[in-house]
Amino acid sequence: MADENKFEEIQGEEMTVTLELDDGDVDCAVVTILTVDEKDYIALMPLDEDGEVWFYGYKENPDDPNEEPELIYIEDDAEYEKVEEAFDEYLDNCEFDELL
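Criteria and thresholds
Residues numbered from 1 in each chain as written. Predicted model: local features only at pLDDT ≥ 70, side-chain atom pairs only at ≥ 80, totals over all residues. Heavy atoms only, no water. Phe/Tyr/Trp six-rings, centres within 6.5 Å; stacked < 30°, edge-to-face > 60°. Helix = DSSP H or I, 4+ residues; strand = E, 2+ residues; numbered from the N terminus. Buried < 20%, exposed > 50% of the residue type's maximum accessible area, 1.4 Å probe, protein only. pLDDT = per-residue confidence, 0-100. Contact = heavy atoms within 4.5 Å.

A.B. asks: For the packing of aromatic side chains, give the residues involved together with the corresponding values.
C.D. replies: All told, the structure shown has three aromatic pairs when counted by the stated rule. Ring centres of Phe55 and Tyr80 lie 5.4 Å apart, and the angle between their planes is 70°; this geometry places the pair in the edge-to-face category. Taken together, the positions of Phe55 in strand β5 (residues 54-59) and Tyr80 in helix α1 (residues 77-99) put the pair 25 residues apart, joining distant regions of the chain. The exposure class of Phe55 is buried, given its relative accessible area of 7%. Given the relative accessible area of 27%, Tyr80 is considered partly exposed. Relative to Phe87, the ring of Phe55 has its centre 5.3 Å away and its plane inclined at 65°; by these criteria the two rings are edge-to-face. With Phe55 in strand β5 and Phe87 in helix α1, this pair connects stretches of sequence that are 32 residues apart. You'll find Phe55 and Phe87 in the same group, each marked buried.

Laid out in structure tokens, this is it:
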């Protein structure tokens, strides 16, 4: 679970996040932000892992756009599966768009 998150913009639109976990910091690329059942989620890919994707709830403060977003650990298995399915659909759409 992330204790603190640092968002950093790199080369235009590409973003990374540093998750400060109990066993050390992990730098992740932001893959996408998804909306599932009217909630936002973020898909992160650790830069030192090979193809693993992590999902977290994602919440921005609408009153302060400069405040760093909050990442929320997904504890419910059914909720996690819905996010995973939405991410798979996102990947399918990306692959389809590359063929056009």
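What follows picks up the thread again.
A.B. asks: Talk me through the confidence of the model for the chain; I want residue IDs and the actual numbers.
C.D. replies: Scored by pLDDT, the chain comes out at a mean of 83, with 82% of its residues at no less than 70. Taken together, the stretch residues 6-12 has pLDDT below 50 and engages in 19 contacts with residues farther than four places along the chain or on a different chain.

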